[in-house]
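# Descriptive structure summary
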Amino acid sequence: MRPSIVLSLISACLASAGLAADYYLAPDGKDGQNGTITQPFESMQRAQQAAQPGDTIHIRGGIYHIRADQIAKRSGTWSYVFLMDKSGRSDAPIRYWAYADEKPVFDFSAVKPEGTRIHAFQVNGSWLHFRGFEVTGVQVTMKSHTQSECIDNQGSHNIYERLSMHDGQAIGFYLVNGSHNLVLNCDAYRNHDFTSENGSGGNTDGFGCHPRKGAIGNVFRGCRAWFNSDDGYDCITAAESVTFDHCWAFYNGYSPAFKSLADGNGMKVGGWARTPTAGLPSPMPRHTVRFCLAVRNKASGFYANHHLEGNDWFNNTAYRNRNNFNMLERTNDAKGVGFNIEVPGTRQKLRNNLGYQGGREVTNLNEVRSDAANNYFNLGLTVTVADFLGLDEAQLMLPRKADGSLPDMGFLHLAPGSACIDKGVDLGFPFAGAHPDLGCFESAASR
Ligand code: CA
Ligand code: CA
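The residue numbers shown here count from 1 along each chain, following its written sequence. Chains carry letters from A onward and ligands carry numbers from 1 onward, assigned in written order. With pLDDT at 70 or above as the cut-off, local features in this predicted model cover only qualifying residues; side-chain atom pairs require 80 or more to be listed or tallied, and sums for whole chains, interfaces and linings still use all residues. Values shown for side chains rest on all heavy atoms present in the structure; no hydrogens or waters enter the calculation.

### Some remarks on the overall build of the chain
- Looking only at helices and strands, the chain features two helices and 35 strands.
- C-alpha atoms define the radius of gyration in this analysis, and the globule rule sets the expected value at 2.2 Å times the number of residues to the power 0.38. The globule rule puts the C-alpha radius of gyration for 447 residues at 22 Å, and the 23 Å found for the chain is close to it.
- Expressed as lengths along the three principal axes of its C-alpha atoms, the size of the chain is roughly 80 × 55 × 40 Å.
- Buried means the residue's accessible area, taken with a 1.4 Å probe over protein chains only, is under 20% of the maximum for its type, while exposed means over 50%, and partly exposed covers the values in between. Relative to its 447 residues, the chain shows a buried fraction of 57%. Counting from the N terminus, the helices are DSSP H or I runs at least four residues long and the strands are E runs at least two residues long.

### With respect to the pattern of salt bridges
- The salt bridge definition used is simple: a Lys or Arg side-chain nitrogen within 4 Å of an Asp or Glu carboxyl oxygen. Under the definition given, this model contains 20 salt bridges.
- Note that Arg221 is salt-bridged to Asp245, the shortest N-O span being 2.7 Å. In this pair, Arg221 is assigned in strand 18 (residues 218-221) and Asp245 in strand 21 (residues 242-245), connecting sequence segments 24 residues apart.
- A relative accessible area of 31% means that Arg221 is categorised as partly exposed.

### Topic: the layout of surface pockets
- Cavities and pockets are defined on a 1 Å grid built over the protein atoms alone: a cavity is a set of grid points where a 1.4 Å probe fits but cannot escape, while a pocket is an open set with protein on both sides within 12 Å along at least five of seven lines, and lining residues are those with an atom within 4 Å of any such point. Grid points are joined across faces, edges and corners, and a volume is the space filled by probe spheres set on the points. Reported here for the largest pocket is a volume of approximately 630 Å³.
- Lining the largest pocket are 25 residues, with Lys103, Gly132, Arg162, Arg400 and Lys401 sitting closest to its centre.
- Looking at the lining of the largest pocket, the elements that each hand over two or more residues are strand 16 (187-189) and strand 19 (224-226).
- Three categories are distinguished: nonpolar for Ala, Val, Leu, Ile, Met, Phe, Trp, Tyr, Cys and Pro, charged for Asp, Glu, Lys and Arg, and polar for the others, with Gly belonging to the last. A class-by-class count of the residues in the lining of the largest pocket yields 11 nonpolar, four polar and 10 charged.

### Concerning the sheet that holds strand 22 (residues 248-250)
- The criterion for strand pairing is that DSSP finds at least two bridges linking the strands in question. Taken in spatial order, the 10 strands line up as 3-7-10-13-16-19-22-25-28-33 in an open sheet, and their pairing is parallel. Edge positions in the sheet fall to strand 3 (62-65) and strand 33 (354-356), since each of these pairs with one other strand and no more. Looking at each pair of strands side by side, their axes are set apart by 10 degrees on average, direction ignored.
- Sheet analysis places strand 22 next to strand 25 (residues 293-295), joined by three bridges and oriented parallel. Among the inter-strand pairings, Phe250 is bridged to a residue of strand 25, identified as Val295. Only C-alpha atoms enter the line fits that serve as axes; for helices the fit covers just the stretch in contact. Angles between N-to-C directions range over 0 to 180 degrees.

### Observations concerning the state of the cysteines
- Any cysteine sulfur atom paired with another within 2.5 Å is treated as part of a disulfide. Scanning the entire structure with this criterion turns up zero disulfides.
- No disulfide involves Cys235; its sulfur sits 6.6 Å from that of Cys209, the nearest cysteine.
- Taking the relative accessible area as the measure of exposure, Cys235 reaches 0% and is therefore buried.
- Left without a disulfide partner, Cys420 is nearest to the cysteine sulfur of Cys440, which lies 12 Å away.

### Considerations on the coordination of the calcium ion (ligand 1)
- At this site the calcium ion (ligand 1) is bound by Asp205 (OD), Asp205 (OD), Asp230 (OD), Asp231 (OD) and Asp234 (OD), with donor distances of 2.2 to 2.8 Å.
- Atoms are scored as donors when they are N, O or S and lie within 2.8 Å of the metal, with 3.2 Å used for Na, K and Ca; no water is included, so coordination may look incomplete. Mapped onto the sequence, the donors of the calcium ion (ligand 1) take the spacing D-x24-D-D-x2-D. Of the two residues, Asp205 sits in the loop between strand 16 and strand 17 (207-209) while Asp231 sits in the loop between strand 19 and strand 20 (233-234), which places them 26 residues apart along the sequence. Of the two residues examined, Asp205 and Asp231, each falls in the buried class.

### Side note on empty space enclosed by the protein
- Applying the stated criterion across every chain, the model contains one cavity of 30 Å³ or more.
- Considering only enclosed or pocket space, the largest cavity measures out at about 50 Å³ in volume.
- Lining the largest cavity are Phe291, Asn315, Asn352, Val425, Leu427, Gly428, Phe429, Pro430, Phe431, Pro436 and Glu442.
- The residue makeup of the lining of the largest cavity, split by class, is seven nonpolar, three polar and one charged.

### Describing the coordination of the calcium ion (ligand 2)
- On the protein side, the calcium ion (ligand 2) has Asp422 (OD), Ala432 (O), His435 (O), Asp437 (OD) and Glu442 (OE) as donor atoms, found 2.3 Å from it.
- Sequence spacing among the residues donating to the calcium ion (ligand 2) works out to D-x9-A-x2-H-x1-D-x4-E.
- On the basis of relative accessible area, Ala432 is assigned to the partly exposed category, the value being 22%.
- Accessibility expressed as a relative area gives 0% for Asp437, which makes it buried.

### A look at the sheet that holds strand 15 (residues 182-184)
- One open sheet accounts for 12 strands, arranged 1-2-6-9-12-15-18-21-24-27-32-35; its pairing is parallel. In this open sheet, the two strands that pair with only one neighbour each are strand 1 (22-25) and strand 35 (371-373). Neighbour-to-neighbour, the strand axes of the sheet open up by a mean angle of 10 degrees, direction not taken into account.
- The sheet contact formed by strand 12 (residues 159-161) and strand 15 spans three bridges and is parallel. Paired with Tyr160 across the two strands is Val183, which belongs to strand 15.

This is the structure we're talking about:
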């Protein structure tokens, strides 16, 4: 028997016996080493080669200066730097985790292949769990229409946790294929493509989720997006439903100096503008946005973006956006060539939402043909500064808690005695007091 076959058999036996292996990656590692903690690998690509389902790759802290010679694959107009195409299994995911409390940073600023899009992490595998590292400096080299991406997901059942995609020209996270992926407690910030299309930055969203037909069950939870040149979260032309849960979007559409850049919606939820009628998904997906926060985005905080047939908007808080809630829809024209006539949104379901100090509070909502109840705008409430514990926006960028969850803060939390406390209806989510409150932060107090 050839040694490689013997090794394969041994590794198969180890896997079936549940003896998961541990490998290590370090900035000063070498791919010719054996991947132990004292002999770590250098590259994700080499770590993947070693990994089997159930194994853990421990990523040591420090800066990984990624080089162009590490590009795993070039195909057409794409460069895939790390091509993660080996899958785990449902009972044995492969974990790529930051080691202990260390802070690994993958810096792609020196990777500038001419004439191609750059996908820093191309994740084609499934049952993978990425946790606890930063992706920064991803470049755009093309002047024509293009986009680069920090993470491109094509697989299913993947978990992206405590990742930070920032200070590059690329979209933070992007998905068009794959089901049941969870993006958990991730941050995408200060991303701006200033190279292509005269530097408009019109494609650089924090999180893009545009699932094709059959790509179901994708969820964003506990994420933050700020100072991205286009939108915080964008799911235009999604053919399946997407869930946004406890996510924050702020300052999108602006540079860190609040220079106006591109679209600047906090949460741009769906939309099929100008699509020929025959090209629309059937049924039309209905997206869910719940317990989310949108602050001072250049355009709309919560935006239906011409979505057809409505979304569910539950317990969201909007503050200082040009439009806090914008339910704009399109309708078909008489010639049936597409949905190109703008109308107020119908079939929108809104419950327990809260807004304050928007340029406009609620716009483009057809209340007769929607289902809006127990929101600040239809309860006859006058929201004032006294309703809140604090309005210090800087708290939005506080470090996350040790477990990766969103930071504690007083910002936009309801003050005791606020008329917004217990004014919501029970939607099946946990609440304190007699009833749920309005907005994304439930107060411990009762009225
Ligand atoms: Ca966008
Ligand atoms: Ca309550």
